[in-house]
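# Chains, contacts and geometry: an overview
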Amino acid sequence: MSAAMDTESTYSGYSHYSGHSKKAHRQGRDRHKSPRSKDGSRSEKSVTIQTPPAEPLLGNDASRAEEGQDDNWGETTTAITGTSEHSISQEDIARISKDLEDSVGLDCKRYLGLTVAAVLGLLVFFTPIAFILLPQILWRDDLEPCGTVCEGLFISVAFKLLILLIGTWALFFRQPKADIPRVFVFRALLLVLIFLFVFSYWLFYGVRILDSKDTNYQGIVQYAVSLVDALLFIHYLAIVLLELRQLQPMFTVKVVRSTDGESRYYSLGHLSIQRAALVVLENYYRDFTVYNPALLTASKSRAAKHMAGLKVYNVDGPGNNASGQSRAMIAAAARRRDSSHNELYYEEADHERRVKKRRARLVVAVEEAFTHIKRLQAEEQQKAPGEMMDPREAAQAIFPSMARALQKYLRTTRQQQYHSMESILQHLSFCITNNMTPKAFLERYLNPGPTLQYDRDRWFSKQWTLVSEEAVTSGLQDGIVFVLKCLDFSLVVNVKKIPFIKLSEEFIDPKSHKFVLRLQSETSV
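Residues numbered from 1 in each chain as written. Predicted model: local features only at pLDDT ≥ 70, side-chain atom pairs only at ≥ 80, totals over all residues. Heavy atoms only, no water.

An unreviewed UniProt entry annotates the protein chain as VANG1 protein of Pedionomus torquatus. Here is the UniProt Subcellular location (unreviewed entry) comment for the protein chain, exactly as written: "Cell membrane". According to UniProt, the comment filed for the protein chain under the heading Sequence similarities (unreviewed entry) is "Belongs to the Vang family." (UniProt positions renumbered as here; feature names shortened; annotations may be inferred.)

Okay, here's the thing in structure tokens:
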């Protein structure tokens, strides 16, 4: 009941703005009428998560521009309340709170792995230096003179350690992009290999050199040089396993968004399932259009309206069986289905007409506003340097002239929750600063862009769940399907192996392209 009251109050706030808002109010009331009457207990059990309202848009006249607010824009930022895709049960809330508690453990695991890698890296870097310095500290008087050979080996060790340090920093010590559920197998194997390798060198050094106090200092230095050379080969092996192995495309994955069916195809190499999931999410934020649940409510409200229009009257009293009612419902639904496609056709045609009309008004308004900017720039060139207007003030000056057209277009295309007043002003001042055209300014609003284009804190899904029948550390295989879930939707990923291509060659004789043109001497003119 409370969700319905919130919805009616939200839509009633639109009624004083335009006649179209009244129609939206009636559609919103019909949308929530059927679910409330069908399942009254669910409204008491569910909790509605609303999109946070954006900042209000500036008005049309100069007085409203000075005040910096317009209540109409603030009221139209949230038009989704009580819908099922934003309703979660108490069990879901408990699960979310548990995930938040588990994230603390994930952070500890990430920092623990980074600490172990850093300690092992310091051990690897200082081990050759210790091999060279310990004999000089413990039994320096007993060492045999080395001379120029050792000095050359010192220079070789120094430069090799510098190269190893830079390569290790570039390969391992990078800012992590995500927290994966399982350990990276190849990286863990390399760390174990390095630890065993350094431990074996220390064991041999302690038994054969420290205990016996070997006096052959040149052999000790060459022993340290061999350690550095082996570490460089291990670093090369790490580059092959971590970077080069995955570059060759071996699989094609199809990513489908569960709510609207938008899909993309990507080519991947030899990756584990969890690393393939990271690649899919990175490409998702770049290639997929931003998820807009407002576009999905139209079809649901249309279906609810059709079901709400079916009424069955039992004239024989409550004692009659329910089979007659079922047949009547099926027959009535079949009759309405015959005419529903006409309603859908005219509804979509009317929506496209309104979008084109308001788009044309928006384009004209923006072009006039940018023409006014050019006049202002021409006037400012004649003023003193201290009296010139900065891009922010210019954007605030011309914004009221296009605010109403932009507001109506965004509300018609259901994009109002993605653009606040502050973001529009920042984009407008950016376009003015870089001398961009009206078409470049409108590109962000006429065509829905990817998620990266919008506010990171509001539209990014920070928590994803990987669901897979196979172990997430196993490699990709043909036919594997895994799902990436967030709060509002999920991404279904289907893996297909790139088929083996057999390419043959066919030789064409160059003489086969030659021909002779014979002309008859006696031809009619």
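Check the secondary structure of the protein chain and you find 17 helices and seven strands. A total of 525 residues make up the protein chain; the buried ones form 33% of that total. Considering only residue pairs separated by 6 or more positions, the protein chain has 74% of its internal contacts joining residues 24 or more positions apart. (Helix = DSSP H or I, 4+ residues; strand = E, 2+ residues; numbered from the N terminus. Buried < 20%, exposed > 50% of the residue type's maximum accessible area, 1.4 Å probe, protein only. Contact = heavy atoms within 4.5 Å.)

Turning next to unusual backbone geometry. Residues other than glycine seldom take positive phi values, yet Arg-414 does so here, at roughly 60°. With respect to the element layout, Arg-414 can be found in the loop between α14 (391-412) and α15 (421-433). Judged by relative accessible area, Arg-414 falls into the partly exposed class, the value being 26%. Positioned with a positive phi, Asn-435 is a non-glycine residue whose angle comes to about 55°. Tracing the backbone through its elements, the reader meets Asn-435 in the loop between α15 and α16 (438-446).

Here we take up the environment of Lys-497. Examined against the element boundaries, Lys-497 turns out to sit in strand β7 (residues 490-497). Considered as a pair, Lys-497 and Gly-269 are 228 residues apart in the sequence and their alpha carbons are 9.9 Å apart. Once residues lying within four places of it in the same chain are set aside, the contact partners of Lys-497 are Met-250, Phe-251 and Asp-478.

Below, the discussion takes up the layout of surface pockets. Volume-wise, the second largest pocket comes out at about 1400 Å³. If you go around the second largest pocket, you meet 36 residues; those closest to its centre are Pro-176, Ala-178, Ile-180, Phe-184 and Arg-187. The element contributing the most residues to the lining of the second largest pocket is helix α7 (residues 90-138), with nine residues. By residue class, the composition of the lining of the second largest pocket is 22 nonpolar, four polar and 10 charged. Residues lining the lining of the second largest pocket come from more than one domain, with at least three contributed by each of domain 1 (104-246) and domain 2 (251-292 + 460-497). (1 Å grid on protein atoms, 1.4 Å probe; cavity = no way out; pocket = protein on both sides within 12 Å on 5 of 7 lines; lining within 4 Å. Points joined across faces, edges and corners; volume = space filled by probe spheres on them. Nonpolar A, V, L, I, M, F, W, Y, C, P; charged D, E, K, R; others polar. Domains from an automatic or database assignment.)

Under the counting rule described, the total for this entry stands at one disulfide. Through a disulfide, Cys-146 is tied to Cys-150; the S-S separation comes to 1.3 Å. In this structure, the disulfide formed by Cys-146 and Cys-150 twists by about 90° around the S-S bond and is classed as right-handed. Take Cys-150: its relative accessible area is 3%, and that puts it in the buried class. (Disulfide = S-S within 2.5 Å.)

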